[in-house]
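Analysis of the macromolecular model
Each chain, letter by letter, is given below.
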Amino acid sequence: SNKLRYLTVPKIFTELAHASYSIFLVHFSVIMIMNTVFQFLPVQPEIHFLGLFLTVAASIIVGILFFTWFESRLVTHQTRILLVMGLIGLGLIVG
């Protein structure tokens, strides 16, 4: 138990832990985009493995970028209003 107190965690793992919610938020969109891209490629195990690897990597990268650009910054009241208005507008365009 005492040994765990002095255990150091590599920085990459702490960064992933901080960005984990952002990764969760973006992963479905990344999966849908990658699925659209890879549906035109031949059905082969190697290509499926490459698609899986690229999808996981892209989800992590986009999630970290999302965390860095949005989640870790101070959000002002004006930014919240603009974000909600943008999401509503996007919903109206897509819907």
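Here goes a summary of the coordinates provided. (Residues numbered from 1 in each chain as written. Predicted model: local features only at pLDDT ≥ 70, side-chain atom pairs only at ≥ 80, totals over all residues. Heavy atoms only, no water.)

Turning our eyes to something else, we now look at helix 3 (residues 45-71). Between its terminal C-alpha atoms helix 3 stretches 37 Å, which fits the 39 Å expected from 27 residues at 1.5 Å a residue. Listed in full, the buried residues belonging to helix 3 are Ile-47, Gly-51, Thr-55, Ser-59, Gly-63 and Phe-67. (Helix = DSSP H or I, 4+ residues; strand = E, 2+ residues; numbered from the N terminus. Expected span 1.5 Å × (residues − 1). Buried < 20%, exposed > 50% of the residue type's maximum accessible area, 1.4 Å probe, protein only.)

With that settled, the discussion passes to a nonpolar patch on the surface. A cluster of nonpolar side chains, contributed by Phe-49, Leu-50, Phe-53 and Leu-54, occupies part of the molecular surface with about 410 Å² of accessible area. Mapped onto the elements of the fold, Phe-53 is located in helix 3. Phe-53 gets classed as exposed once you look at its relative accessible area, which sits at 52%. (Patch = residues over 30% accessible without salt bridge, like charges linked within 9 Å, V, L, I, M, F, W, Y side chains within 5 Å. Areas by Shrake-Rupley, 256 points an atom, 1.4 Å probe, with all protein chains shown as cover. Salt bridge = Lys/Arg side-chain N within 4 Å of Asp/Glu carboxyl O.)

In a regular helix each residue adds 1.5 Å, so 28 residues correspond to 40 Å; helix 2 (residues 11-38) covers only 33 Å between its end C-alpha atoms and thus falls short of that length. At Ala-19, helix 2 shows its largest kink, close to 55 degrees. Looking only at helix 2, the buried set comprises Ala-19, Ser-22, Ile-23, Val-26, Val-30 and Met-34. Packing partners of the buried residues in helix 2 comprise helix 3. (Bend = angle between axes of the 7 residues up to and from the residue. Contact = heavy atoms within 4.5 Å.)

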